[in-house]
Amino acid sequence: MEYLTREVEKRVPIYLVSDKLIDLKLHLEKIDFDKIIVVTDSNVHKLWGKVLNESIKGFNSTFFTFKAGELSKNFSTYQKLYNKILDYGITKKTLIIAFGGGVTGNIVGLIAATLYRGVRFVHIPTTIIAQADSTIGGKQAINTKHGKNILGVFYEPEFIFADFQFLKTLPEREIACGISECIKHALCQDNVLFERIYAREENFAFIEDIITKTIHLKLNIIEKDRKEINEGKILLYGHTIGHAIETLSKGKLNHGEAISIGMCCAAQVSNQLSFLSEENLQIHYEIFKKWNLPTNMPKYIKIDQVIKQLNYDKKMKDSKIELILLESIGKILKIDNKVGMSISEDQLKFFLKKCY
C-alpha cells in the first residue's frame, strides 16, 4: 500500500511483510545512494542488529546507536547522533535508516529532515506503535522541557518497511502500548475494529490484522488532512491530556499508558457534557483494562500540574483548551462539521476530578 503527501506530491510506499527481511534489499536497490547509515537504539541493536546487517550486506553501511527509551527523545541525543553522522562523513546522496520504535523513528526523521536541509531516509519500524501509527504521516519530532514533540517538522521517508517478525521479541508492556494507539483509531473511526480488539485473541495473526486495519484507518485521515486542521484532529483523541500526563510521569508511564488515561479523561469530558453515553464511557475502561492499560490519573499527578503543563505546551489559549471528544464508539464528535471543542480551564479542572 502507499499514501500520497499532497503538499509535495510524494507517494510513500508501505511494505507489510512477515519474516521477509530478505525483500528489503530489493526496495533499497530502487534508490540511488552512496552509503547507508543505520540508526537504532541499544535494545533493538542487541536483538536485531546482526539480522538487519546481514540483510543489507553488500551495501556500504554502518550503525550508530543510542540509549533506548523515551527519555532519549531529546535535543542532546539528536545533537550527538547528527555529530556522529557528520564526523563519519555523508553527502546529500547518503541514505539513513531509522531502525526501531517510535522514538527512533522520530529522532532519525528529524535528523534526516535537517541535515543538509534534507537527506533521504527509510523507516524500518520494530514496534506495534511504530508500525501502526508513528511512522505514518511524516511527523518527526523530539521532546523538550516544554513537553512532547515540541521541536519537529513534517518530512516523509522514501518508504516504510514493516516486518511483523520484529514484534515477536516485544515485552507484553510494549505490546499493550502499541495496541493503545490502535484502540484510539477504533474508538474514533471504526466500531467493528473496536469489537475485534475488545475480543482480544491470543495469537500473532490477530496482532498483524489489527495493525493492518489501523494503518488503513490512519491513511484515510492523513490523506484528507495531514496537518490536522480539522478532520486530522481525530488523531489527537486522548493525546492532549495524555501527553501532559506522560511528561509529568517522568518516565513512569510509557506513551501508550499515558494515552489510555488521556482517552479515558476525554471520554469523561464527553460524558459529562452529555455527548457520550454512560455505557460507552464504561466500555473505555473495560477495553483498556483488558489490555492491562491504566485508566485513571496517577495520584502523584495533580490537576494544577496538568493545567500548568498544558499552558507550558501552549495547548491552552485564553484559559481555554480544545479537546477532541467522542459521540459514540467509532464516531468522533463534530459540531457544525468541526472536530474539537473548546472548554474553559475551570471546566477542565472539574472534569479531571472524576479521572482519578
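Coordinates for the structure precede this section.
Calculation notes
- Residues numbered from 1 in each chain as written.
- Predicted model: local features only at pLDDT ≥ 70, side-chain atom pairs only at ≥ 80, totals over all residues.
- Heavy atoms only, no water.
- Helix = DSSP H or I, 4+ residues; strand = E, 2+ residues; numbered from the N terminus.
- Rg over C-alpha atoms; globule rule 2.2 N^0.38 Å.
- Buried < 20%, exposed > 50% of the residue type's maximum accessible area, 1.4 Å probe, protein only.
- Contact = heavy atoms within 4.5 Å.
- Areas by Shrake-Rupley, 256 points an atom, 1.4 Å probe, with all protein chains shown as cover.
- Lys, Arg positive; Asp, Glu negative; His and termini not counted.
- Charge placed at Lys NZ, Arg CZ, Asp CG, Glu CD.
- Pairing = 2+ DSSP bridges.
- Axes fitted to C-alpha atoms, helices over the stretch in contact; angles between N-to-C directions.
- Parallel < 35°, antiparallel > 145°, perpendicular 65-115°, else oblique.
- Left-handed = near helix turned anticlockwise from the far one by under 90°.
- Nonpolar A, V, L, I, M, F, W, Y, C, P; charged D, E, K, R; others polar.
- Core = buried A, V, L, I, M, F, W, Y, C linked by side-chain atoms within 4.5 Å.
- Phe/Tyr/Trp six-rings, centres within 6.5 Å; stacked < 30°, edge-to-face > 60°.
- Expected span 1.5 Å × (residues − 1).
- Polar contact = N/O pair within 3.5 Å; in protein donor to acceptor, adjacent residues only side chain to side chain.

(A) Highlighting the overall build of the chain. Looking only at helices and strands, the chain has 13 helices and 16 strands in total. For 356 residues, the compact-globule estimate of 2.2 N^0.38 gives 21 Å, and the C-alpha radius of gyration of the chain, at 20 Å, lies within 12% of that figure. Seen along its three principal axes, the alpha-carbon backbone of the chain occupies a region of about 60 × 40 × 40 Å. Relative to its full complement of 356 residues, the chain shows a buried share of 57%. A sequence separation of at least 24 residues applies to 76% of the contacts in the chain between residues at least 6 apart. Surface accessibility of the chain: about 15500 Å² in total, with carbon and sulfur atoms responsible for 50%. Each charge class in the chain can be summarised by its mean position, and for the 49 positive and 42 negative side chains these summaries are 6 Å apart.

(B) Here's a closer look at the sheet that holds strand E11 (residues 320-323). The strand order E10-E11-E16 describes an open sheet built from three strands, whose pairing is antiparallel. The sheet terminates laterally at strand E10 (316-317) and strand E16 (341-344), the two strands that pair on one side only. Strand direction decides the pairing type here: E11 and E16, joined by four bridges, are antiparallel. Along E16, the bridge assignment pairs Ile 321 with Ile 343.

(C) A look at the packing of helix H9 (residues 239-249) against helix H10 (residues 255-272). One can describe the packing of H9 onto H10 by two numbers: an axis separation of 7 Å at closest approach and a directional angle of 135°. As far as their axial angle goes, H10 and H9 are oblique. Crossing geometry of H9 relative to H10 is assigned as right-handed. Here His 239, Ile 241, Gly 242, His 243, Ile 245 and Glu 246 of H9 lie close against H10, whose contacting residues are His 255, Ala 258, Ile 259, Ile 261, Gly 262 and Cys 265.

(D) Representation of the packing of helix H6 (residues 172-189) against helix H11 (residues 278-290) within the structure. Running from amino to carboxyl end, H6 crosses H11 at an angle of 155°, the nearest separation of the two axes being 11 Å. Relative to H11, H6 is oriented roughly antiparallel. The chirality of how H6 crosses H11 is right-handed. The segment H6 lies against H11, with Ser 180, Ile 183 and Leu 187 engaging His 284, Ile 287 and Phe 288. Here the contact of H6 with H11 is built from residues that sort into four nonpolar, two polar and no charged.

(E) Looking closely at the nonpolar core. By size, the foremost hydrophobic cluster in this structure holds 50 residues, and its most contacted members are Leu 187, Ile 197, Tyr 237 and Trp 291. Going through the elements one at a time, strand E2 (10-17), helix H5 (128-134), H6, helix H7 (191-199), helix H8 (204-225), H10 and H11 are the ones with two or more residues in this core. Top contributing element to this core by residue count: H8, with nine residues. Not counting residues within four places of it along the chain, the set of residues in contact with Leu 187 comprises Phe 194, Tyr 237, Met 263, His 284, Phe 288, Leu 326, Ser 328, Ile 329, Gly 330 and Lys 331. Cys 265, Leu 325, Leu 348 and Cys 355 belong to the second-largest nonpolar core, a separate cluster that totals 25 residues.

(F) Molecular detail of the side chain of Thr 295. Its location among the elements puts Thr 295 in the loop between H11 and helix H12 (303-312). Not counting the four nearest positions on each side in its chain, Thr 295 is found in contact with Ile 261, Cys 264, Tyr 285, Phe 288 and Lys 289.

(G) Expanded view of the packing of aromatic side chains. Taken as a whole and judged by the stated rule, the model has eleven aromatic pairs. Residues Phe 64 and Tyr 88 carry aromatic rings whose centres are separated by 5.9 Å and whose planes lie at 85° to one another, so their mutual orientation is edge-to-face. One end of the pair, Phe 64, is in strand E4 (residues 61-66); the other, Tyr 88, is in helix H3 (residues 75-88), and 24 residues separate them in sequence. Arranged with centres 6.2 Å apart and planes meeting at 10°, the rings of Phe 206 and Trp 291 form a pair that is stacked.

(H) Region of the structure containing unusual backbone geometry. Phi is positive for Asp 19, which is not a glycine, with a value near 60°. Examined against the element boundaries, Asp 19 turns out to sit in the loop between E2 and helix H1 (24-28). Classification of Asp 19 as exposed rests on a relative accessible area of 51%. Residue Asp 336 is not a glycine yet carries a positive backbone phi of 55°.

(I) Local environment of H10. Its 18 residues give H10 an end-to-end C-alpha distance of 26 Å, which sits within 8% of 26 Å, the value for a rise of 1.5 Å per residue. The buried fraction of H10 is high, at 17 of 18 residues. Two or three places before Gly 256, at the start of H10, stands the capping residue Asn 254, its side-chain oxygen 3.2 Å from that residue's backbone nitrogen. Positive backbone phi, at 70°, marks Ser 274, one or two positions downstream of H10.

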